[in-house]
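Spelled out from the first residue to the last, the chains are:
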Amino acid sequence: MSATGGGENRNNGRAMPGRQLTSLTPIPPALLTLLLLLQMPDIASGQTFSFGFAWIADLDVYFRFYIDALSLLFALLISGIGTFVAIYALAFLHGHPQLRRFFLYLYLFILGMLGLVLAGDLITLFVFWEITSIASYLLIGFNNSSAVARRSALQALLVTTLGGLCLLTGLVLLGSVVGSYEMTQVLASGEAVRASSLYFAILMLLLIGAFSKSAQLPFHFWLPNAMAAPTPVSAYLHSATMVKAGIYLLARLHPVLGQTDIWEWTLTCTGAATATVAAVAALRQTDLKLALAYTTLIALGTLTMFLGSDATIVIAAAITFLFVHSLYKAALFMVVGVIDKQAGTRDINKLGGLGLSMHITFVIALAAALSMAGFPPFLGFIGKELKYEGALAVASEPALVATAAVFANAVTVTVAGMVALKPFLGKPNHVLPKIQEAPAGLWISPLILGGLGLTFGLAPELVNDELIAPAVTAILDTSETIDLKLWHGLNIPLLLSILTFGLGIAMYLGLTRLRDWLTWDFSHAPTNADLLWDKFLEKVRLVAALQTDLLQNGVMRHYLTVVFFTISLVLAYAFIRTGQYPLVFEWPRLNLKEWAAILLTIGGALMAGTARKPLIAICALGALGVGIALIYLFFGAPDVAITQLLVETLFLVLVAAILPRLPVFSPGRKILFRPRDAALGGLLGLLVTLSILVVLQTPFDSPTSTFFKEAAVPQAHGRNIVNVILVDFRALDTFGEIIVVFTAAIAAVTLLGHRLRRGKQ
Amino acid sequence: MNSLVLQSATRVLVALLLVFSVYMLLRGHNYPGGGFIAGLIAASAFALFAMAWGMEAAQRALRIPPGNLAATGVLIAALSGLLAALSKGAPFSGQWFQLTGHQNTGGIYISNVLIFDIGVYLAVFGSVLTLIFALEEVK
């Protein structure tokens, strides 16, 4: 059974409440698509929209959106393909008990992606970036009863959010160099950024963010694992969203960070390596969905490779390919979902002859696969021709780029055959049940997406003039025009295309033998990134366990030791660092009652420290508390004194209630620790006293207390300043405090109740 | 503790402490006192009662579960803060309403500050008693 097959029909037949509403879910993204389409002519003519409001104005952070041709292209892909994915998901997950939860996650994802590509502020962009990470976590782990799904989801989340942290650092650095987080200003300060000494750091951090999101080497391992998601999610994740987020970031920041050698080399090499590794891996797959997943990696590698360049034709190739890829990849994933649903398997070796009964699906698969393979007259062909033209135009290493592109494309041709030919042709597999054509809801979306690939292929000007060309202009700010044509004449790209087809078809025909040849076992190789990831997580857990043992072992004495030791260390450091010691110490003139209070305090402390019985220690602590309360009283703080007395009293009452239930102190243990505790306590006491003396020696100047003294009566009509502060000037703080008190009481009751229940059992 | 002296004294002391706590609550704005201290005093009164007569008697005497009392206190404090926002000022700012008399001749004022203090009083009172009662229940 496939990963998505289990438990999807548990609720079949029973009408769910709110079903009618669920079936409306494709409408909002459809409306949005329409809205964006209406804006297209304006934006294509060079207009940009920017709007937003202050969010954290003190930090110059705005919640801002910015729409130009590039963000419009991505937004259209997200909302448009989102619409079709929603229609498809309605049919695919029909009767699923958690259908509404699914759509909630999907919408979160759509919103996150839209916000990301429309963000007009670096911080806004980051926030949406993280939302897509979280939404993808929820979606990949949607079958949460499956351990594989949970692991894959967590892996995707951790990899992309680790990248996200680097991204945030990079964005903040970038913002500090530009002096603003606003996108238009950032986009206009490319030269300043490239000249900055922080350029290298910014570039690396942002690239880690983009590469982890778009699954480039060495972060590529999470994307095939993300196949644990339900097929509609894979279709979306791989075509329009998430993985394209990194590509969007690279494209968006191209004018700011690009056009340097390091940018060009890093992107070209990483992209080429990713595409090549993924191509080899794709050939080895027998699971259709996994094979497609690796071709996504190929596509992402190719896109990254091309975005390294700053030649118009290369960027045009990247953008066209991005658009084509979104169309056919979504359609093909949906087709694989249909095959999986109808035949009950995605294993290529078990499939065959489906074309006899599933005519419509076969046609759709062919259309999408031909576009993917880059056959004329599909848009994919134009994309591929541009790719070769672009590859040959790459300045850094045209031969390398062209070779990588040919190999990657040949594998793409092979995988297209795997998906569109192998399951449908040949002898029907008799092990499989009788196959029927899928219901319309399952094939309508891929039909439209596949059909668009053909339509745009025949009439490329439909997408070129208002979508692709303006997006290229938005990246490069060039006046050079791009023209998408089916026929470019007899030239090197065409020859490369023919070479690609030949190679791809040859590989398809010899696929079984090729796969036999490629069956080396990666699963224990030291270079297996998935395995390395597990080892890395193991180490992280080890460190976490170590520090928990060290700092959070549940022993109160230990906690206090750590806290006191840390405070002592910090204070000692402060003294050594500043060299400020109390220079003059004037012995205070005290009268008899004050001396008595001080003696009571010191006596109580000594007695509490040396007492052998807990009751005596606690009474001594009480005496100490009373001594301190007396000192408060003598020096003009009756409020504090009363509070102190009452707290001491209640504390004694509480202790009296607890004491009979406490285990007896073990004297041996206590004696062992006593000298150490005494030393630590003495040290802390000494350091705190010294620091208070230092504080007292600096002249006291507090506008706050003067304000409270002067404002208490006229503004708050009260003469008890302490209480006026509590209930009037700082009432919100006090409110917070009583909530803390209340919460502490609830927590204590809960814990005690827990212990009570455990005691009874 | 079955001490006759303690039990007899407690009867008087508890009443006195409770009255004293209300007194402390009301005088808090001008003299030492206030909701927090008053809440502690009231809680001590019931702690004393519990020591002399047992927890169950104390709980019966209180009539209301102390947790409810604390929650009510938090709610009252919150409402008084919001009241300020509704009438005119910022949330949790002091608002004064004159009940009788004229502006310059004095009279009786009522303020949301006092209501807030009553909330604090109930919250502290209820929370501390919740703790004490809970500890006693652990056998």
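Criteria and cut-off values
- Residues numbered from 1 in each chain as written.
- Chains lettered and ligands numbered in written order.
- Predicted model: local features only at pLDDT ≥ 70, side-chain atom pairs only at ≥ 80, totals over all residues.
- Heavy atoms only, no water.
- Helix = DSSP H or I, 4+ residues; strand = E, 2+ residues; numbered from the N terminus.
- Buried < 20%, exposed > 50% of the residue type's maximum accessible area, 1.4 Å probe, protein only.
- Contact = heavy atoms within 4.5 Å.
- Areas by Shrake-Rupley, 256 points an atom, 1.4 Å probe, with all protein chains shown as cover.
- Rg over C-alpha atoms; globule rule 2.2 N^0.38 Å.
- Lys, Arg positive; Asp, Glu negative; His and termini not counted.
- Charge placed at Lys NZ, Arg CZ, Asp CG, Glu CD.
- Arc of directions from axis to C-beta.
- pLDDT = per-residue confidence, 0-100.
- Core = buried A, V, L, I, M, F, W, Y, C linked by side-chain atoms within 4.5 Å.
- Domains from an automatic or database assignment.
- UniProt positions renumbered as here; feature names shortened; annotations may be inferred.
- Expected span 1.5 Å × (residues − 1).
- Polar contact = N/O pair within 3.5 Å; in protein donor to acceptor, adjacent residues only side chain to side chain.
- Nonpolar A, V, L, I, M, F, W, Y, C, P; charged D, E, K, R; others polar.
- Salt bridge = Lys/Arg side-chain N within 4 Å of Asp/Glu carboxyl O.
- Pairing = 2+ DSSP bridges.

1. Remarks on the overall build of chain B
Helix and strand counts for chain B stand at five helices and two strands. Along chain B, helices (α) and strands (β) appear in the sequence α-α-α-α-β-β-α when read from the amino end. Looking at chain B residue by residue over its 139 residues, the buried ones come to 45%. Counting only contacts in chain B whose residues sit at least 6 apart along the sequence, the fraction spanning at least 24 positions is 60%. Carbon and sulfur atoms provide 69% of the accessible area of chain B, an area that totals close to 7000 Å².

2. Quick word on the overall build of chain A
Along its length, chain A carries 32 helices and two strands. The C-alpha atoms of chain A give a radius of gyration of 34 Å, which is well past the 27 Å a tight globule of 761 residues would have. Principal axes of the C-alpha set define a box for chain A whose edges measure 110 × 65 × 50 Å. Residues counted as buried form 50% of the 761 residues belonging to chain A. Taking as baseline every contact in chain A between residues at least 6 positions apart, the subset at least 24 positions apart corresponds to 79%. Accessible area for chain A stands at about 35100 Å²; split by element, carbon and sulfur atoms hold 69% of it. For chain A, the distance from the average position of its 47 positive side-chain charges to the average position of its 41 negative side-chain charges is 18 Å.

3. Observations regarding helix H31 (residues 721-729) of chain A
The complete set of buried residues in H31(A) reads Asn723(A), Val724(A), Val727(A) and Asp728(A). Buried residues in H31(A), looked at end-on, bunch into an arc of 100°, giving them a common side.

4. Side note on the confidence of the model for chain A
Predicted coordinates in areas of low pLDDT are best not read in detail. Mean pLDDT over chain A stands at 83; residues scoring 70 or higher make up 91%. Contacts of residues 1-16 of chain A to residues separated by more than four positions or lying in other chains number 34 contacts, the stretch itself having pLDDT below 50.

5. Things to note about the nonpolar core
Formed by 186 residues in total, the largest nonpolar core has its most connected members in Phe102(A), Leu174(A), Trp222(A), Leu257(A), Ile319(A), Phe323(A) and Val415(A). Residue contributions to this core peak at 22 residues, all from helix H16 (residues 312-343) of chain A. Core analysis: the next-biggest nonpolar cluster, separate from the first, contains 49 residues, Ala657(A), Ala43(B), Ala45(B) and Leu69(B) among them.

6. Concerning the domain arrangement of chain A
Assigned domains of chain A: these are domain 1 (28-246), domain 2 (258-519), domain 3 (526-552) and domain 4 (553-711). Relative to domain 4 of chain A, the C-alpha centre of domain 1 of chain A lies at a distance of 54 Å.

7. Comments concerning the UniProt feature "transmembrane region" (unreviewed entry) in chain B
Residue and element names in this part refer to chain B. Within this structure's numbering, the places UniProt gives as "transmembrane region" (unreviewed entry) are residues 12-29, 35-55, 67-87 and 107-135. Measuring from the first to the last C-alpha atom of residues 35-55 gives 25 Å, for a span that is 95% helix and 0% strand. In this annotation, residues 67-87 is assigned 100% helix and 0% strand; the end-to-end C-alpha distance for the span is 30 Å.

8. Things to note about helix H6 (residues 147-178) of chain A
All names here are of chain A. The terminal C-alpha atoms of H6, which comprises 32 residues, lie 45 Å apart, in line with the 46 Å expected from a rise of 1.5 Å per residue. If you check the start of H6, you find a side-chain oxygen 3.3 Å away from the backbone N of Val-148, and it comes from Ser-146. The positive-phi residue at the C-terminal boundary of H6 is Gly-179, with phi of around 90°.

9. Focus on the interface of chain A and chain B
At the junction of the two partners, chain A supplies 36 residues and chain B supplies 41 residues. The interface formed by chain A and chain B includes five residue pairs in polar contact (both at pLDDT 80 or more). Where the side of chain A that touches chain B is concerned, the elements lending two or more residues are helix H28 (638-658), helix H30 (703-716), H31 and helix H32 (731-760) of chain A. In terms of residue class, the side of chain A that touches chain B is made up of 25 nonpolar, seven polar and four charged.

10. A short note on unusual backbone geometry
Residues and elements named next belong to chain A. For Asp-60, which is not glycine, the phi dihedral falls at a positive 60°. Note on placement: Asp-60 falls in the loop between strand E1 (49-56) and strand E2 (61-67). Taking the relative accessible area as the measure of exposure, Asp-60 reaches 29% and is therefore partly exposed. We note that Gln-259 has phi near 65°; this positive angle belongs to a residue other than glycine. With respect to the helices and strands, the residue Gln-259 is situated in the loop between helix H13 (254-257) and helix H14 (261-284). For Gln-259, a relative accessible area of 38% puts it in the partly exposed group.

11. A closer look at the pattern of salt bridges
Residues and elements named next belong to chain A. One pass over the full model with this rule turns up eight salt bridges over all chains. Note that Arg-64 is salt-bridged to Asp-121, the shortest N-O span being 3.2 Å. Separated by 57 residues along the polypeptide, Arg-64 in strand E2 and Asp-121 in the loop between helix H4 (99-118) and helix H5 (122-140) bring together distant segments of the chain. Comparing Arg-64 with Asp-121, the two get one shared label, buried. Put simply, Arg-151 and Asp-534 hold a salt bridge, and the shortest N to O gap is 2.9 Å. Here the residue Arg-151 occupies a position in helix H6, and Asp-534 occupies one in helix H24 (residues 529-551), the gap between them amounting to 383 residues.

12. Notes on the environment of Ala156(A)
Residues and elements named next belong to chain A. On the secondary structure map, Ala-156 appears in helix H6. Relative accessible area serves as the criterion here: at 0%, Ala-156 is assigned to the buried category. In this structure the C-alpha to C-alpha distance between Ala-156 and Ser-133, which are 23 residues apart in sequence, comes to 7.8 Å. Leaving out residues up to four positions away in the same chain, Ala-156 has contacts with Ile-140 and Trp-222.

13. A look at the pairing of E1(A)
Residue and element names in this part refer to chain A. Relative to E2, E1 runs antiparallel, the two being bridged by seven bridges. Considered in E2, the bridge of Ser-50 is made with Tyr-66. Between E1 and E2, which follow one another and run antiparallel, lie four residues, and Asp-60 among them has a positive phi close to 60°.

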